[in-house]
Amino acid sequence: MTDYNKQNFPVEKVRKYLEPGPVVLVTSSWENQSDIMTLGWHTILEFSPSLVGCMIASMNVSHDLIRNSGECVINVPTHELIDQVVAIGNSHGDEVDKFAANRLNIEPGSVVKAPLIAECFASFECRLYDGALVDNYNFFIFEVVKAHVDPQVAFPATLHYTGEGLFRVMGEKTSDQHKKFKPEMLI
Ligand SMILES: Cc1cc2nc3c(=O)[nH]c(=O)nc-3n(C[C@H](O)[C@H](O)[C@H](O)COP(=O)(O)O)c2cc1C
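Small disclaimer: the values here were computed from a predicted structure and weren't measured. Chains are numbered independently. Their residues run from 1 in the order of the written sequence. Where totals are concerned, whole chains, interfaces and linings use all residues; where local detail is concerned, this predicted model gives features only for residues with pLDDT of at least 70, and gives and counts side-chain atom pairs only at 80 or more. To get the side-chain values, take all heavy atoms of the structure and skip hydrogens and water.

What counts as a helix is a DSSP run of H or I of at least four residues, what counts as a strand is a run of E of at least two, and both are numbered from the N terminus. Counting secondary structure elements, the chain contains 5 helices and 11 strands. Taking 2.2 N^0.38 as the reference for a compact globule, 187 residues should give roughly 16 Å; the C-alpha atoms of the chain span a radius of gyration of 17 Å, in line with that estimate. The principal-axis extents of the C-alpha atoms in the chain amount to approximately 55 × 40 × 35 Å. Here the chain holds 187 residues, and the buried ones make up 36% of them. Taken over C-alpha atoms, the radius of gyration is set against a globule rule of 2.2 Å times the number of residues to the power 0.38. Each residue's exposure class comes from its accessible area (1.4 Å probe, protein chains only) as a fraction of the maximum for that residue type: buried when under 20%, exposed when over 50%, partly exposed otherwise.

Once that is clear, we can look at the sheet that holds strand S9 (residues 139-149). What makes two strands pair is DSSP finding at least two bridges between them. Pairing within the open sheet is antiparallel, and its 7 strands lie in the order S2-S1-S5-S8-S9-S4-S3. Looking at strand neighbours, the two that pair on one side only are strand S2 (33-39) and strand S3 (42-46), the edges of this open sheet. For this sheet the average axis-to-axis angle between neighbouring strands, irrespective of direction, equals 35 degrees. In this structure, strand S5 (residues 71-76) lies alongside strand S8 (residues 122-130), joined through 6 bridges in antiparallel fashion. By the bridge assignment, Val76 is partnered in S8 with Ala122. Contacts were defined at the residue level, with two residues in contact if any of their heavy atoms lie within 4.5 Å. Note on method: axes are straight lines fitted to C-alpha atoms, helices fitted across the in-contact stretch only, with angles between N-to-C directions ranging 0 to 180 degrees. Contacts between helix H2 (residues 61-69) and the sheet are confined to strand S1 (24-30), S2, S5 and S9, with S1 contributing the most and set at about 55 degrees to the helix.

Turning our attention to the UniProt feature "domain: Flavin reductase like" (unreviewed entry) in the chain. The residues that UniProt annotates with the feature "domain: Flavin reductase like" (unreviewed entry) are residues 18-168. Across residues 18-168, helical content stands at 17% and strand content at 39%; the span's end C-alpha atoms are separated by 13 Å. UniProt positions are given in the numbering used here, feature names are shortened, and annotations may be inferred rather than shown by experiment.

With that settled, the discussion passes to the pattern of salt bridges. The term salt bridge refers to a side-chain nitrogen of Lys or Arg lying within 4 Å of a carboxyl oxygen of Asp or Glu. Under the defined criterion, the tally for this structure stands at 3 salt bridges. A salt bridge links Lys13 to Glu164; the nearest nitrogen and oxygen atoms lie 3.7 Å apart. Separated by 151 residues along the polypeptide, Lys13 in the segment before helix H1 (15-18) and Glu164 in the loop between strand S10 (159-161) and strand S11 (167-169) bring together distant segments of the chain. On the basis of relative accessible area, Lys13 is assigned to the partly exposed category, the value being 39%. Since its relative accessible area comes to 70%, Glu164 is described here as exposed.

The rule for a residue being near a molecule or strand is that one of its heavy atoms must lie within 4 Å of it. The environment of the ligand is made up of 21 residues, and the closest members are Asp35, Asn60, Ser62, Ser91 and His92. Counting of polar contacts relies on pairs of N or O atoms within 3.5 Å, with two restrictions inside protein: one atom must be capable of donating a hydrogen and the other of accepting it, and residues adjacent in sequence are counted only when both atoms are side-chain atoms. At 2.8 Å, a backbone N or O of Thr38 approaches an oxygen atom of the ligand. Within the backbone of Gly93, a nitrogen or oxygen atom sits 2.7 Å from an oxygen atom of the ligand. Elements with a contribution of two residues or more to the shell around the ligand: S2 and H2. The greatest single-element share of the shell around the ligand, amounting to 5 residues, is contributed by S2. Looking at the shell around the ligand residue by residue, the classes come out as 11 nonpolar, 8 polar and 2 charged. Residues are grouped as follows: Ala, Val, Leu, Ile, Met, Phe, Trp, Tyr, Cys and Pro are nonpolar; Asp, Glu, Lys and Arg are charged; every other residue, Gly included, is polar.

Okay, the packing of aromatic side chains next. Working definition: rings of Phe, Tyr and Trp (its six-membered ring) pair if their centres are within 6.5 Å, and the pair is stacked with planes under 30 degrees apart, edge-to-face with planes over 60 apart, and tilted otherwise. On inspection of all chains with the given rule, the structure shows 3 aromatic pairs. Seen in terms of ring centroids, Tyr161 and Phe167 are 4.7 Å apart; in terms of plane orientation they differ by 45 degrees. Their pairing is tilted. With relative accessibility at 27%, the residue Phe167 sits in the partly exposed group.

Within the secondary structure layout, Met59 lies in the loop between strand S4 (51-55) and H2. Taking the relative accessible area as the measure of exposure, Met59 reaches 62% and is therefore exposed. Separated by 79 residues in sequence, Met59 and Asn138 place their C-alpha atoms 10.0 Å apart.

Structure below.
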């Protein structure tokens, strides 16, 4: 075992260690306006129904589009899209058409009006499931109602944000421990 030398760490910076799920691109659409935002603060909440929670700050255009439409698409980019991920996360949809500015192609969803991003290997169509935490925490609980994934992508090199402009890329190293799992834990 490693003998760690843990020291005091600023509580406001723990995101560096807890945040790094894959960075996603959330698309939304309401009336004649569509938008994309970069999002790192999300969490799985339940398998079935398939629930995902996302923190979408109220200053973002996407917040209003998603609140009004009750829908979005969570698209998962890989490291080839790093420039778009950064540009989309540093601009607002009322100033620029982020789809055109970032040369992203869209495809229609089958359930929601928000578009899928063709350059992402996975796109999850979502409907707002519970908005009870939106007013106080900007926390949207979505149900994934339709999932589109390219099965050829075995080890997606997803981007993981650790704050201060730094990203990590998911590697291929795996450790198969399934024999040590209780059957009910292998859902
Ligand atoms: C790597 C990265 C992760 C981000 N994660 C979030 C997030 O989890 N929630 C959020 O509200 N904004 C997040 N942002 C900021 C939004 O993407 C940014 O405010 C964007 O301009 C919103 O676009 P919009 O106003 O067009 O909706 C992130 C930005 C970057 C670059």
